[in-house]
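Single-letter residue listing:
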Amino acid sequence: MANLNPTPVSLTTAAAAIAQPTPQSLVLSGAWTAAGLQANMLQQLDAVQLSAATALRVDAAQVAALDSAGAWVLQKLLLRLRSQGSAVDLQGLGAPFSRLLDFVAQQVANQARKPLPPPLPQPGVLESVGRSTVEAAEQALALLGFMGETAVALARCVVQPRRFRWRSVLVNIRIAGFDALPIVGLLAFLLGIVVAYQSADQLRQYGANIFIVDIVGLSMLREFAPLIAAIIVAGRSGSAYAAQIGTMVVTEEVDALRTLGIAPVELLVLPKLIALAVALPPLTMFADVLSVLGGMVMARAQLDVGFAEFLDRFVKAVSATSYMVGVGKAPVFAAIIAVVGCFQGFRTRGGAESVGRQTTRSVVQSIFLVIVADALFSIIFSVLDL
């Protein structure tokens, strides 16, 4: 086999060069190596002018060194000359250099004969739908298995309470609960204003201004406040869970935990699940208060319903059952957000791009499942007449 290692070149060896003393001859000189090829070599190759003669003599006796890079450039030059109809006669090239040039020529010829792979057929509509369905079913099955694994880990910790990592739980309560109060309160307040404003015109036409209390109170406490709190937490904390665990998967920290005998579900999932289940109900109550306050402000501005009158009607219109229905949804929403966020984090594969993709999926799926759960709650409560 030809030697593909660069030929040693002394510091005094000239760089590769091409000269054309006559239209029928070329002279190659210098070191045709990766280090010896000049930046203007392409311009030198383009400057070669061919005459109408059918024979061209290439004198390579002055080539001092040749490696695979130089042999590739030289082979490209010879192929170009022959493609233009010239009969090229290479002379003076040393035996080691000739063997290397023949080897490179063979590789170039093999590459040229290698057929290009056929383009992949584009999937049809039915195939795309089928693949999406199979992927969704596989992900749903994996999520179900992850929920079972989490339930087993939770039962194990209940039996052995010392396995709970309370410090991590408290930290997650602060991050997911206390730190989210400003954004949840602001959006709940604005949502109360919007609902009251949209209802004001219709109520004013019928002289039923006082019923703004019923609309704001029932809609906010039963539906909108729990939903807006859950959506904000899903975008804020659920995405953080997926990104944190996904980064740990990419950096092989999760594998290191398993190597040390530490269950990743107990260390990474349970503290987040417990913390969110504890933090989301108070967040929902806070959203209830702020949303009703926003409705009170708009009711006074648009319908002349004072604060005292609003609160007096509020006590009569909104029952404790309606209030507990809204708060009771919060732990279920918290479980959905925590499980989906952690699940998507563990499904991260590859690098940073996969982390971002799984984080996006966790937010989308969490919000989707929260809305589905809220719809199911509405159906169940309607059947139970609650």
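All values derive from a computational prediction rather than experimental measurement. Think of each chain on its own: its residues are numbered from 1, step by step along the sequence as written. It should be noted that, the model being predicted, local features are given only for residues of pLDDT at least 70 and side-chain atom pairs only at 80 or more, the latter also being counted only at that level, while totals for whole chains, interfaces and linings use all residues. Each side-chain value is derived from all of the structure's non-hydrogen atoms; neither hydrogens nor water enter the calculation.

Colleague: An account of the nonpolar core is requested, with residue identities and associated values reported.
Modeller: In these notes, a set of buried Ala, Val, Leu, Ile, Met, Phe, Trp, Tyr and Cys residues joined through side-chain atoms within 4.5 Å is what counts as a nonpolar core. We call a residue buried when its accessible area falls under 20% of the maximum for its residue type, exposed when it is over 50%, and partly exposed in between, using a 1.4 Å probe and counting protein chains only. By size, the foremost hydrophobic cluster in this structure holds 52 residues, and its most contacted members are Leu276, Leu280 and Phe346. Every element with two or more residues in this core is listed here: helix H4 (125-159), helix H5 (166-176), helix H6 (181-205), helix H7 (212-250), helix H8 (253-259), helix H9 (264-303), helix H11 (320-346) and helix H12 (352-383). Throughout, a contact is declared for two residues whenever any of their heavy atoms are within 4.5 Å. Contacts of Leu280, omitting those with residues within four sequence positions, involve Ala229, Ala230, Val233, Ala330, Phe333 and Ala334. Core analysis: the next-biggest nonpolar cluster, separate from the first, contains 25 residues, Leu28, Val58, Ala71 and Leu101 among them. Numbering of helices and strands runs from the N terminus; a helix is a DSSP stretch of H or I covering at least four residues, while a strand is a stretch of E covering at least two.

Colleague: So what's going on with helix H2 (residues 68-83)? Which residues, and what values?
Modeller: Compared with the 22 Å implied by 1.5 Å per residue over 16 residues, the 22 Å span of H2 between its first and last C-alpha is a close match. Of the residues making up H2, those classed as buried are Gly70, Ala71, Val73, Leu74, Gln75, Leu77, Leu78 and Leu81. Under the convention used throughout, the expected extent of a helix is 1.5 Å for every residue step, that is, one less than its residue count.

Colleague: If you had to explain the state of the cysteines to someone new, which residues and values would you point to?
Modeller: Structurally, a disulfide amounts to a covalent bond that connects the sulfur atoms of two cysteines. Working definition: a disulfide is two cysteine sulfur atoms within 2.5 Å of each other. For the coordinates displayed, the defined rule picks out zero disulfides. Free cysteine: Cys342, not disulfide-bonded; nearest cysteine sulfur from Cys157 at 14 Å. According to the relative accessible area criterion, Cys342 is buried, its value standing at 0%.

Colleague: How would you summarise the packing of aromatic side chains if you had to cite specific residues and measurements?
Modeller: Here is the rule: rings of Phe, Tyr and Trp (six-membered ring for Trp) pair when centre to centre is within 6.5 Å. Planes less than 30 degrees apart are stacked, more than 60 are edge-to-face, and the remainder are tilted. Under the counting rule described, the total for this entry stands at six aromatic pairs. Plain terms: the ring middles of Phe333 and Phe377 are 6.3 Å apart, the flat faces sit at 70° to each other, and that makes the pair edge-to-face. Pair noted here: Phe333 is in helix H11 and Phe377 is in helix H12, with a separation of 44 residues, a long-range link. An aromatic cluster is present here, built from Phe146, Phe343 and Phe346 joined pairwise through their rings. Over the ring of Phe307 we find Arg300, and its NZ or CZ is 5.0 Å from the ring centre. Here, over-ring charges are defined by two tests on the NZ atom of lysine or the CZ atom of arginine: distance to the ring centre within 6 Å, and angle to the ring normal within 35 degrees.

Colleague: Can you explain the layout of surface pockets? Please cite residues and give values.
Modeller: Of the pockets and cavities examined, the largest pocket occupies roughly 380 Å³. Cavities and pockets are found on a 1 Å grid laid over the protein atoms alone: a cavity is a set of points where a 1.4 Å probe fits but cannot escape, a pocket is an open set with protein on both sides within 12 Å along at least five of seven lines, and a lining residue has an atom within 4 Å of such a point. Taken together, 21 residues make up the lining of the largest pocket; nearest its centre are Glu149, Val254, Arg258, Phe346 and Arg349. Among the elements of the structure, H4, H7, H8, H9 and H11 are those that each provide at least two residues to the lining of the largest pocket. If you tally residues by element for the lining of the largest pocket, the top one is H4, at seven residues. Gly falls in the polar group here, along with every residue not listed as nonpolar (Ala, Val, Leu, Ile, Met, Phe, Trp, Tyr, Cys, Pro) or charged (Asp, Glu, Lys, Arg). For the lining of the largest pocket, the per-class residue count stands at 12 nonpolar, three polar and six charged. Of the pockets and cavities examined, the second largest pocket occupies roughly 250 Å³. What lines the second largest pocket is Leu143, Met147, Thr150, Ala151, Leu154, Leu273, Ala335, Ile336, Val339, Val340 and Leu369. For the lining of the second largest pocket, the elements supplying multiple residues, two or more each, are H4 and H11. A total of five residues in the lining of the second largest pocket trace back to one element, the largest contributor, which is H4. Its residues placed into classes, the lining of the second largest pocket shows 10 nonpolar, one polar and no charged. Grid points are joined across faces, edges and corners, and a volume is the space filled by probe spheres set on the points.

Colleague: Just give me the short version of the sheet that holds strand E4 (residues 87-91), but keep the residues and values in it.
Modeller: Pairing between two strands requires that DSSP report at least two bridges joining them. The four strands are arranged E1-E2-E3-E4 in an open sheet whose pairing can be described as mixed. This sheet does not close on itself; its edge strands, each paired only once, are strand E1 (17-22) and E4. The average angle at which neighbouring strand axes cross in this sheet is 20°, direction not considered. Examined bridge by bridge, strand E2 (residues 25-32) and strand E3 (residues 55-66) share seven bridges and lie parallel to one another. The residue bridging Ala31 from the neighbouring strand is Ala65, located in E3. Helix-sheet contacts for H2 involve E1, E2, E3 and E4, and the interaxial angle to E2 is about 165°. As a rule, the C-alpha atoms of each element are fitted with a line to give its axis, helices using only the stretch in contact, and angles between N-to-C directions run from 0 to 180 degrees.

Colleague: Provide a residue-level description of the packing of H6 against H7, including the pertinent values.
Modeller: At their nearest, the axes of H6 and H7 sit 10 Å apart, and the two run at 145° to each other. As H6 packs across H7, the resulting crossing turns out to be right-handed. Where H6 approaches H7, its residues Ile183, Val184, Leu187, Leu191, Gly192, Val195, Ala196, Ser199 and Leu203 are matched on the opposing element by Ile212, Ile215, Val216, Ser219, Met220, Phe224, Ile228, Ala229 and Ile232. Partitioning the contact of H6 with H7 into residue classes produces 15 nonpolar, three polar and no charged. Each crossing gets its hand from how the near helix is turned against the far one by less than a right angle, where anticlockwise is left-handed and clockwise is right-handed.

Colleague: So what's going on with the pairing of E1? Residues and values would help.
Modeller: Judged from the four bridges that link them, E1 and E2 form a sheet pairing that is antiparallel. The partner of Ile18 across the bridge, within E2, is Leu28. Between E1 and E2, which pair antiparallel and follow one another directly, the connecting turn spans two residues.

Colleague: Break down the environment of Tyr241 for me, citing the residues and quoting the values.
Modeller: With respect to the helices and strands, Tyr241 occurs in helix H7. The class for Tyr241 is buried, based on a relative accessible area of 5%. Separated by 140 residues in sequence, Tyr241 and Phe381 have C-alpha atoms that sit 31 Å apart. Not counting the four nearest positions on each side in its chain, Tyr241 is found in contact with Asn172, Ala176, Lys272, Leu276, Ala338, Gly341 and Cys342.

Colleague: So what's going on with unusual backbone geometry? Which residues, and what values?
Modeller: Within the chain, Glu252 stands out as a residue other than glycine whose phi angle is a positive 65°. Residue placement: Glu252 occurs in the loop between H7 and H8.

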